[in-house]
Amino acid sequence: MASPMRNLLTDPDRYLQSFRLFLERSTEHQSMREFVERQLPGVIASIGNGKSTINVLSVGGGAGEMDLQILSKIRDRYPGVTINNDVIEPSADQISKYKERVAQASNLENIKFTWHKETAYEYESRMNAVKKTKKWDFIHMIQMLYYVKDVPATIRYFHSLLESQAKLLIILVSENSGWETLWKKYSSYFPLEDLCSYVCSGDLSRMLDSAGLKYQLYELPSHMDITSCFIEGDKDGELLLDFLTETLDFAKTAPPELKHQLIEELRKPGCSESRDGKVFFNNNLGVIVIEP
């Protein structure tokens, strides 16, 4: 009998709901903001040397919250320089939120925004079709590599678009996170349906090593409060379980034994730690900065 389990991405509204709750319950964006404040200035120190225009490409820019933080650091480092910021993002809803964010922000006079409603693969195909290769001074991919069909090919393509002083910045889950434990053990039970794949900072390092590319790796501590996942029937808990397993209505459609095992796994030290009566999932991130 076919499993009733379906991939979370088959219901974009439910996915966005679970994603927003994840951001609310986790320190993901705080950890990234800290990196942007402390480490990014060093990363971008020479990307715009001698240039009057800096070209930035955001791959999977989402609603733009992190993009605007990154752009403000580039603007601070290169005052008065024009920044062309192109965004690749397949979700119309996310693009519309991004545009709202830009409309409400100040200090964006020197920044020009262009949005492309497409996936990374569609962007690559479109560029190849018109035989265009635009070069970029800074490319970033934040938490999006899980949704590409061929990770090494995607990295190769965007790496080939770097200018000589440029950097490619990638943020994804760390191999020292609860995601690594959970997905290595259970992803074969989840209905990935070719819509997403599991990749962590360790996998990416190995790919880059085998391709002979130079990179720097940073570890960002982060956690997520998943206490509600252990309360039967809790709506937020069910949404977070959907997000953790990439499964639509996991609590209702997963076989009872799988649900029981997974919830037990989430309590264990490999995934989470308990503090003050709450359970915090290890959401550590890896940041990889690749040289041209």
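Look up a bit, the structure's there.
What counts and what doesn't
- Residues numbered from 1 in each chain as written.
- Predicted model: local features only at pLDDT ≥ 70, side-chain atom pairs only at ≥ 80, totals over all residues.
- Heavy atoms only, no water.
- Disulfide = S-S within 2.5 Å.
- Buried < 20%, exposed > 50% of the residue type's maximum accessible area, 1.4 Å probe, protein only.
- Pairing = 2+ DSSP bridges.
- Helix = DSSP H or I, 4+ residues; strand = E, 2+ residues; numbered from the N terminus.
- Axes fitted to C-alpha atoms, helices over the stretch in contact; angles between N-to-C directions.
- Parallel < 35°, antiparallel > 145°, perpendicular 65-115°, else oblique.
- Left-handed = near helix turned anticlockwise from the far one by under 90°.
- Contact = heavy atoms within 4.5 Å.
- Nonpolar A, V, L, I, M, F, W, Y, C, P; charged D, E, K, R; others polar.
- Core = buried A, V, L, I, M, F, W, Y, C linked by side-chain atoms within 4.5 Å.

Things to note about the state of the cysteines
With the rule as written, the count across this model stands at zero disulfides. A disulfide-free cysteine, Cys 200 has its sulfur positioned 13 Å from the sulfur of Cys 271, the nearest such atom. With a relative accessible area of 0%, Cys 200 lands in the buried category. Cysteine Cys 229 remains unbridged, with the sulfur of Cys 271 as its closest cysteine sulfur at 11 Å.

A few points about the sheet that holds strand E8 (residues 223–225)
Taken together, three strands build an open sheet; the order of strands is E8-E11-E10 and the sheet is antiparallel. Every interior strand has two partners, whereas the edge strands, E8 and strand E10 (272–275), have only one. If you compare each strand with its neighbour and ignore which way they point, the axes differ by 30° on average.

Brief notes about the packing of helix H7 (residues 151–159) against helix H9 (residues 201–211)
Where H7 contacts H9, the two axes come as close as 11 Å, and the packing angle between them is 60°. The angle between H7 and H9 falls in the class oblique. Regarding H7 and H9, the two cross each other, and that crossing is right-handed. Residues Val 151, Pro 152 and Ile 155 of H7 pack against Leu 204, Met 207 and Leu 208 of H9. Here the residues of the contact of H7 with H9 are counted per class, giving six nonpolar, no polar and no charged.

Considering the sheet that holds strand E7 (residues 215–220)
Taken together, seven strands build an open sheet; the order of strands is E4-E3-E2-E5-E6-E12-E7 and the sheet is mixed. Of all the strands in the sheet, the pair left with one neighbour each is strand E4 (111–116) and E7. In this sheet, neighbouring strand axes are inclined to one another by 15° on average, regardless of whether the strands run parallel or antiparallel. With six bridges joining them, strand E6 (residues 162–173) and strand E12 (residues 285–290) adopt antiparallel strand pairing. Among the inter-strand pairings, Ile 171 is bridged to a residue of E12, identified as Val 287.

A few points about the nonpolar core
By size, the foremost hydrophobic cluster in this structure holds 65 residues, and its most contacted members are Leu 145, Phe 158 and Trp 179. No other element matches the six residues that E6 contributes to this core. Setting aside chain neighbours within four positions, we find Leu 145 in contact with Val 151, Thr 154, Ile 155, Ile 170, Ser 197, Val 199 and Leu 204. Judged by nonpolar contacts, the second largest core, of 32 residues, contains Ile 47, Ile 70, Ile 74 and Leu 285.

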